[in-house]
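# A structural walkthrough
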Amino acid sequence: MRFIDLGAQQKRIRKQIEASISDVLDHGSYIMGPEVGRLEEVLGRYCGVRHAISCSSGTDALLLALMAYNVGPGDAILTSPFTFIATAEVIRILGATPVFVDIHPDTFNIDPSKIKLALSALKAADNAQYPLPEGSTRLKVKGIIAVDLFGLPADYDAITAIAKDNNLFVIEDAAQSFGADYHGRKACSLADVACTSFFPAKPLGGYGDGGMCFTDNDDLADLIKSLRIHGKGIHKYDNVRIGINGRLDTLQAAILKAKFEIFPEEVELRQQVVQRYNEMLVSLQPDLAEIKTPMVPDGMRSVWAQYSLLAKDTEHRTKIQERSNAAGIPTAIYYPIPLHLQAAFSNLDYTKGDFPVSEDFSQRIFSLPMHPYLTAEDQKRISNVILSTGRE
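Given the structure is predicted, the values throughout are model-derived calculations rather than measurements.

## Structural notes on the overall build of the chain
The helix and strand inventory of the chain stands at twelve helices and twelve strands. At 21 Å, the chain has a C-alpha radius of gyration in line with the 21 Å of a compact globule built from 392 residues. Seen through its C-alpha atoms, the chain measures out along the principal axes to roughly 70 × 60 × 35 Å. Residue burial in the chain is summarised as follows: out of 392 residues, 56% are buried. Of the contacts made within the chain by residues no fewer than 6 positions apart, 72% connect residues no fewer than 24 positions apart. As presented, the chain carries roughly 16400 Å² of accessible surface, and 50% of it is formed by carbon and sulfur atoms.

## Quick look at the packing of aromatic side chains
All chains considered together, the criterion is met by 21 aromatic pairs. With a centroid separation of 3.9 Å and 10° between ring planes, the pair formed by Y69 and F169 is classed as stacked. Separated by 100 residues along the polypeptide, Y69 in the loop between α3 (58–68) and β2 (75–79) and F169 in strand β5 (residues 169–173) bring together distant segments of the chain. Both residues of the pair, Y69 and F169, count as buried. Summarising the aromatic geometry, the rings of F100 and F345 are spaced 5.8 Å apart at their centres and angled 85° between planes, so their arrangement reads as edge-to-face. On the criterion of sequence distance, the pair formed by F100 in strand β3 (residues 97–100) and F345 in the loop between α10 (314–326) and α11 (356–362) is long-range, its members being 245 residues apart. Taking the relative accessible area as the measure of exposure, F100 reaches 0% and is therefore buried. Among the residues examined, F345 registers a relative accessible area of 2% and is labelled buried.

## Re helix α7 (residues 218–227)
Burial in α7 covers these residues: L220, A221, I224, S226 and L227. Where α7 is buried, its residues contact β1 (51–55), α3, β8 (193–197) and β9 (211–215). Measuring from the side-chain oxygen of the N-cap residue of α7 to the backbone nitrogen of D219 gives 3.0 Å; that N-cap residue is N217.

## Concerning the layout of surface pockets
By volume, the largest pocket is sized at about 440 Å³. F84, A175, S197, F199 and K202 are, among the 24 residues lining the largest pocket, the residues nearest its centre. Those elements that place two or more of their residues in the lining of the largest pocket are α3 and α4 (86–93). Among the elements that make up the lining of the largest pocket, the one with the highest residue count is α3 (three residues). Considering only residue class, the lining of the largest pocket consists of eleven nonpolar, nine polar and four charged.

## Regarding the packing of α3 against α7
As a packed pair, α3 and α7 sit with axes 9 Å apart at the nearest point and diverge in direction by 120°. By the angle between their directions, the pair α3 and α7 is classed as oblique. α7 is crossed by α3, and the crossing has right-handed handedness. Side by side, α3 and α7 meet where L64, M67 and A68 of the first sit next to L220, L223, I224 and L227 of the second.

Cut-offs applied
Residues numbered from 1 in each chain as written. Predicted model: local features only at pLDDT ≥ 70, side-chain atom pairs only at ≥ 80, totals over all residues. Heavy atoms only, no water. Helix = DSSP H or I, 4+ residues; strand = E, 2+ residues; numbered from the N terminus. Rg over C-alpha atoms; globule rule 2.2 N^0.38 Å. Buried < 20%, exposed > 50% of the residue type's maximum accessible area, 1.4 Å probe, protein only. Contact = heavy atoms within 4.5 Å. Areas by Shrake-Rupley, 256 points an atom, 1.4 Å probe, with all protein chains shown as cover. Phe/Tyr/Trp six-rings, centres within 6.5 Å; stacked < 30°, edge-to-face > 60°. Polar contact = N/O pair within 3.5 Å; in protein donor to acceptor, adjacent residues only side chain to side chain. 1 Å grid on protein atoms, 1.4 Å probe; cavity = no way out; pocket = protein on both sides within 12 Å on 5 of 7 lines; lining within 4 Å. Points joined across faces, edges and corners; volume = space filled by probe spheres on them. Nonpolar A, V, L, I, M, F, W, Y, C, P; charged D, E, K, R; others polar. Axes fitted to C-alpha atoms, helices over the stretch in contact; angles between N-to-C directions. Parallel < 35°, antiparallel > 145°, perpendicular 65-115°, else oblique. Left-handed = near helix turned anticlockwise from the far one by under 90°.

Below, the structure is given as structure tokens:
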């Protein structure tokens, strides 16, 4: 059994992918070839935004968005500690400081009520109000990066209202949520700029790295387009600003365009897989005393990049993983160490206990196999193994 079965998907569209690759080999435009523009047009239309700007990875998408806002030393960006390092890494790369904000216990996403506390603490320079990084008195807060963890959009109505009240920009880290829905809008259209990833394991993934920025802001779009190609101006030798080499390969654009043809169907298949998981877990454990299943707020739809559960405690999680492994069932832990406790951010002087929800969940969370082609038979086997753990 595979945690994410990319092979099953490839069998469906192998001929289309090979034809797309062959087209690129025939025309030979390997850098910024026509497939890049076509992919941007299709995905921008799908998300309902005017500008979709492809780039070399989800990390570079976040970096480009921050660069477009001229983020640098002395600036602070609020974000979640319960995410992959890339979210906060790009902040540090530019010399700015991440200010971590704990997550909501129901959604795993950044908690708007805690954002208010963090902003109040920053204005008062009072670490007693909310945990702040070292040197916070010298920081200027410029924006918020909200993470759509596991495929579920964050609470953008609340986050955007807070941002407007404090003159902040909002970046949607949609690395895991491309294809999700939020009150009638698509993920990647929910903030000033949205950034997604086409890493192979994502809901829409290529066969290598890739990413994309989305925005309705014409000026930001022009800046991001320039920044991704060495600060390009009118032509390649007209460099009007410092940028990066952040282009998406034409081959990856061709592959992604072929895979997108079946993507809407795969989103629906993911919903069916999750419905089966929920029904099986609840039927086998009606009171849900041992395992907490994920919830989706009204008006939202997750794209289920991962299906993550909370065990009773760390020991319970370890037993589940050991028993699953013995049965040939892969599991994963996203994320075992919150960012504020990572060595890479030790100079911020955060300490254990600063973000209790993130810390608690990091010790209990685990994820089950999740992809559009997971069968009911395999899911029943998984559910039986998971829920039988701890009953002996």
